Every structure is written in C-alpha cells, then in structure tokens.
Amino acid sequence: MAVPHVFIFPLPLQGPVNCMLKLAELLCLHQEIHVTFINTEYIHQRLLNYTDVLIRFAKYPNFKFVTIPDGLPEDNPRNGEQVGKIIEGVEKVSSPLFREMVMMTTTNYCAPTCLIVDGIFTFAVDIAKDAKIPLLYFDTISPCAIWTYLAVPKLIEDGEIPFKGNDLDALVNSVSGMEGVMRRRDLPSYCRATDLDIPIIQHIIKQGKHIVQAQALILNTFEALEGPILSQFRALCPNIYAIGPLHTQMKAKLASQSLPTSNSLWKEDMSCIDWLNKQPNKSVLFVSIGSLATMSKAQFLEFWYGLVNSKTRFLWVQRPGSIIGLEDDDINVPMELVESTKERGCIVSWAPQEEVLAHPSIGGFLTHCGWNSTLESIAEGVPMICWPYFVDQQVNSRYVGEVWKLGLDMKDVCDRATIERMVIEVMDVKKIEFLERAKQMSNLAIASVGEGGASYQDLERLIEDIRLMRI
Ligand code: UDX
C-alpha cells in the first residue's frame, strides 16, 4: 500500500508560492504524508537567496523540493506585465516536465497519490486523469474573485462585457450573489477589455471549465468572511476545503516556533522593525503594493505628496522595479518630501510584511489588495485603503470597502488630495470605528483556525482525505 504522497505545484509568483509553502508545511506536520513541492528554478533560487526555507523544511524527512525551468529568459522581470508570459512558459515548458514526474513510477520513487496545483493550471486535469489520481485545485486568490471569473461566460452571454458606454459605476447583474454590490469597475480588471479575444479572457474561460473537473477545491479563506460565496461554490464544486487564513493556521499550529517564517523573493530590510519600535501605538500607515504591481513616476509622486500632506507616519515598501522608468533616469524628489519623510517616514525595498502587520505601531495598510496581503491585514485587525492594480484585486477592494467595511476602496484614483483625505479618514477621523470592525473580523479569523473552528476542521478533513487517497 503506497504512502500518501502529494505533489504541490504553485503558479511561480510570490503570492501563490507563499501560501502553498504554508500548506506544504501544515501537511508535513503529519509524518505519514509525503510532500514534493515543485518550484521553478527562478523562484527556488530567490527563496534560497533570501529565506531560511531549506533549513525550515530540513526538519521534515517526508518533504522534498524539486525544481523545473519556467521557460523564460533569466532577465525577464517577471512582474505584473509579464504574468501572461509566465503562464505561457509554465504551460509550454514546465507542464510536460511535471507530467513526466507524475507519470514516472519506479521502484525507489513513490508515485504521487494526489496533485494539489494552482487553479490556473488547466493542463493538470488530463495529467491527473492519465495518472488515475485525484486532482485538488488550490486557487490561491480570493473566492469572491474566483466567483466573478466563473461568471465571465454569463457576463458575455448577457452582453454585460464588453462594456457598452463608459459608465464604470453601472451595476452588474450577471454575477449571482453579487447583485447590487458589483459595479463594472469592481469586476476583474480584464473585464474592461474592449476585445474579448485577448489571451487572459480566453484563459479565464478555459480555467472556469476545468475548475469544476477537479475532485475538490482548496481555498484560502474562512466561513465567517466569505460564507455566502462558499455556499454558492458548493453548488458547483461539492467538495470545498476552506482552510484560511493559511498564515494564521500556520501560526496557530507552529506556535512553538517563535521565529516568524518568511518566503520572500526579495531581501527583507529588518531595520523597519527597529523604526516601528520607536513609533506610538497604531500611529503608522504601512504602504505596499505586493510583488507584481507597478506605478508610474507621476503616481509615485502623488503617493508621496499624499502621504506627507496627511501628516501621518508611514512605512513604505518601494519594491525594486515597481516604479516604471526609475532605473533609466532618477526622479528629482522635491526637498520638502525628503525632509518630511526624514521626520515621519521609513522607506524600505522589501519588508517582513507579516511581522509588520502584527506590530502594535501599525494602524492602517495602504495595499494593492493582493489576496495574501488582504488576508494578512484582516487576520491582524488592520484597516485598509485599497488601491487595486489588476485581476482579482479590483474585486477584493470592493469587498473590503463595501461588503466587509474594513477600510476604504481607492480604486481608479491616484491624486495627492484623495490619498491625503483617505489616509486621514482611516488613521484619524474614523480610526476607532475602523479598528473596532477590523478587530471583530480578526477575532473571527483567529477563531476559524482554532480547535473546532471551521478552517481548522476543513484542514483536518483535507489531511484525512489525503491519507485515504492511497493507490
Ligand atoms: C499576486 C496577485 O498580485 C494578487 O492579486 C493575487 O491575489 C495573489 O497573487 P501579489 O501581488 O504578490 O500576489 O500580492 P499578495 O497576494 O498580497 O502577496 C504578496 C506577499 O508578499 C504577501 O504574502 C506579503 O506578506 C509578502 N510581502 C509583500 C512581503 O513579505 N514583504 C513586502 O514588502 C511586500
């Protein structure tokens, strides 16, 4: 009887890799489950350069990393504009190698008993079928966003996309369960395309057809946050494991190890923690737009003026390559900005974000609303100002502002006056109200991963089901 052996294969981006490594570690706590984690060479090298991932996973004899090429030239920046090429590279170069690994059955190599792969990998359905093993899709973005992805064929059929006219505030009625909530501007950014034949829309439609063919869906969310959407999902995919917030689940299970773990693809500048230690409680706005989003130089200056004019303390992550054109020629930053920042600001190129959001000095988070950042903020009870860049972030920011009321939605705006106003509203005028609501949701997140919580139980069920998947 084979031992339960899971292959885990994330979309090679910071967000998905981060949460799948957390799932891998949670599975490894059960010695009888073997885990093979497939990284692309590019991602693996970055993890080795900037984290303790090898040491961390060395304590699990039932775990191993395998690396494969991603089909892209080494110097590809692999940022937001490259996501189409990244997916293409995985499909053309990585997936045949993945198929070989899955189908390889030799005596000293225990074949996988189930696949856990990113929901975007439509190729995995045929591989699992040929290998006669279950496929569990782990779509690492938000369920509310995935739900709108699945609604794209109906949006097209009902003539809601492409948009007629340019009123982005018009309500959208073809996403079941979201009537009266979603405006056109809140749909995933690719819905603004005038031509539906673009690769990303075709891929989303294909992904929707494949997702329902998996034996189960793993989702990084919790019942108290997205219960209504989860019940809609169950009508489509009966077997759902809602096991999030994954990083909170990890913290609860590994409470013994005090050291926070990092899966960063950039070097974390720990000096920001020392700076935070000198700031008053809940006085600092954390500003970060994740691993893929970019902004123009003009937007960069609008953000800087907005932050400085708000008179709020701020910790700002300026990720290398995130300001378009900054490498070619520098920006001459006005002296007034430099002086004020010396007084009230701290700028780093990459931060230990989970540690920052857990820090008592943090009172708000200006974020692009990537799903990991959004969940991390919710779990720590930090109110948000949302400036979504693309794909699922538009949906996430609408839910944060309009449905969960955990902050303000600043989508499609980037002027210093609005930034200043919204920062003051979250960090001052409505500070108490936002902190109270954020605290309530944080308590629900923590309860969901505690013993008897919904996410705790779904993870237990997932582990039990994996143990039974023996060939
Ligand atoms: C991508 C997509 O952009 C996002 O829309 C999707 O939901 C997930 O995949 P990314 O842009 O990287 O993700 O955003 P996010 O999901 O928030 O992941 C960023 C991760 O990097 C977070 O876990 C965050 O803690 C970490 N991070 C970010 C750091 O550790 N340090 C930083 O300075 C910034």
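Could you give an account of the domain arrangement of the protein chain, naming the residues involved and the relevant values?
The assigned domain composition of the protein chain is domain 1 (5–260 + 448–467) and domain 2 (271–446). Here the C-alpha centroids of domain 1 and domain 2 sit 26 Å apart. Contact residues are listed per partner, giving 47 residues for domain 1 and 32 residues for domain 2. Buried surface at the junction of domain 1 and domain 2, summed over both partners, amounts to about 3100 Å²; 59% is from carbon and sulfur atoms. Contact with domain 2 buries surface across domain 1, with Val 181, Leu 225 and His 247 losing the most and accounting together for 17% of the total.

I'd like a rundown of empty space enclosed by the protein, residues and numbers included.
Counted by the stated rule, this structure contains three cavities of 30 Å³ or more. Those elements giving two or more residues to the lining of the largest cavity turn out to be helix H1 (14–28), helix H10 (246–253) and helix H15 (371–380). Per-class residue counts for the lining of the largest cavity are three nonpolar, four polar and three charged. When we break the lining of the largest cavity down by domain, the ones giving at least three residues each are domain 1 (5–260 + 448–467) and domain 2 (271–446). Put simply, the second largest cavity is a space of about 50 Å³. Taken together, Val 287, Ile 289, Met 295, Phe 300, Trp 316, Val 317, Ser 322 and Ile 323 form the lining of the second largest cavity. For the lining of the second largest cavity, the residue count by class is seven nonpolar, one polar and no charged.

So, the packing of H10 against H15: which residues are in play, and what are the values?
In the contact formed by H10 and H15, the axes pass within 9 Å of each other and the chain directions differ by 50 degrees. Judged on the interaxial angle alone, H15 and H10 are oblique. Side by side, H10 and H15 meet where His 247, Thr 248 and Lys 251 of the first sit next to Leu 375, Glu 376, Ala 379 and Glu 380 of the second. Its residues assigned to classes, the contact of H10 with H15 comprises two nonpolar, two polar and three charged.

Explain the sheet that holds strand E2 (residues 34–40) to me, using residue names and the numbers behind them.
Judged by pairing direction, the sheet is parallel, and its seven strands sit side by side in the order E3-E2-E1-E4-E5-E6-E7 without closing on themselves. Pairing within the sheet leaves two strands with one partner each, and these edge strands are strand E3 (63–68) and strand E7 (240–242). The sheet shows a mean angle of 20 degrees between the axes of neighbouring strands, direction not considered. Bridge count between E2 and E3: six bridges; the pairing is parallel. For Thr 36, the partnering residue across the bridge sits in E3 and is Lys 64.

Before we move on, could you go through the pairing of strand E8 (residues 284–288) and cite the residues and values that matter?
Of all five residues making up E8, five are buried, and the element is well covered by its neighbours. Burial of the side chains of E8 extends over both faces: Val 284, Phe 286 and Ser 288 are buried on one face and Leu 285 and Val 287 on the other. Taken together, the four bridges between E8 and strand E9 (residues 313–317) define a ladder with parallel strand orientation. Across the sheet, residue Val 287 finds its bridge partner in E9, namely Trp 316.

Which residues make up the site of the ligand, and what values do they have?
Taken together, 22 residues form the shell around the ligand, and within it Ser 291, Ala 351, Ser 373, Glu 376 and Asp 392 come nearest. Contact between the ligand and Asn 372: an oxygen atom at 2.9 Å from a side-chain N or O atom of the residue. Contacts to the ligand include Gln 393, whose side-chain N or O atom sits 2.8 Å from an oxygen atom. Elements with a minimum of two residues in the shell around the ligand: H1 and H15. Partitioning the shell around the ligand into residue classes produces eight nonpolar, 12 polar and two charged.

An account of the pattern of salt bridges is requested, with residue identities and associated values reported.
Enumeration according to the criterion identifies 28 salt bridges in this entry. Taking the shortest distance from any N to any O, the salt bridge between Arg 185 and Asp 412 comes out at 2.7 Å. Here Asp 412 lies in the loop between strand E13 (407–409) and helix H17 (416–429) and Arg 185 lies in the loop between helix H7 (152–157) and helix H8 (199–211), a separation of 227 residues in the sequence. Taking relative accessible area as the criterion, Arg 185 reaches 16% and is therefore assigned buried.

Requested: an account of the packing of aromatic side chains, with residues and values cited.
Summed over the entire model, instances satisfying the criterion amount to 24 aromatic pairs. Centroid distance Phe 37 to Phe 65: 5.7 Å. Interplanar angle 85 degrees. Geometry classified as edge-to-face. Taken together, the residues span a long stretch of sequence, with Phe 37 in strand E2 and Phe 65 in strand E3 at a distance of 28 residues. Ring pairs connect the aromatic residues Phe 7, Phe 9, Phe 98, Phe 121 and Phe 123, which therefore count as one cluster. It is Arg 416 that lies over the ring of Tyr 305; its NZ or CZ is 4.0 Å from the centre.

How would you summarise the nonpolar core if you had to cite specific residues and measurements?
Core analysis: the biggest nonpolar cluster contains 136 residues, and Leu 23, Phe 98, Leu 115, Ile 116, Leu 315 and Trp 404 have the highest contact counts within it. Formed jointly, this core draws a minimum of three residues from each of two domains, domain 1 (5–260 + 448–467) and domain 2 (271–446). When near neighbours in sequence (up to four residues on either side) are disregarded, Ile 116 contacts Val 6, Phe 7, Ile 8, Phe 9, Leu 23, Leu 27, Leu 136, Phe 138, Ile 218 and Ile 466.

Scoring rules and cut-offs
- Residues numbered from 1 in each chain as written.
- Predicted model: local features only at pLDDT ≥ 70, side-chain atom pairs only at ≥ 80, totals over all residues.
- Heavy atoms only, no water.
- Domains from an automatic or database assignment.
- Contact = heavy atoms within 4.5 Å.
- Buried area = accessible area lost by both parts, 1.4 Å probe.
- 1 Å grid on protein atoms, 1.4 Å probe; cavity = no way out; pocket = protein on both sides within 12 Å on 5 of 7 lines; lining within 4 Å.
- Points joined across faces, edges and corners; volume = space filled by probe spheres on them.
- Helix = DSSP H or I, 4+ residues; strand = E, 2+ residues; numbered from the N terminus.
- Nonpolar A, V, L, I, M, F, W, Y, C, P; charged D, E, K, R; others polar.
- Axes fitted to C-alpha atoms, helices over the stretch in contact; angles between N-to-C directions.
- Parallel < 35°, antiparallel > 145°, perpendicular 65-115°, else oblique.
- Pairing = 2+ DSSP bridges.
- Buried < 20%, exposed > 50% of the residue type's maximum accessible area, 1.4 Å probe, protein only.
- Near = heavy atom within 4 Å.
- Polar contact = N/O pair within 3.5 Å; in protein donor to acceptor, adjacent residues only side chain to side chain.
- Salt bridge = Lys/Arg side-chain N within 4 Å of Asp/Glu carboxyl O.
- Phe/Tyr/Trp six-rings, centres within 6.5 Å; stacked < 30°, edge-to-face > 60°.
- Lys NZ or Arg CZ within 6 Å of the ring centre and 35° of its normal.
- Core = buried A, V, L, I, M, F, W, Y, C linked by side-chain atoms within 4.5 Å.

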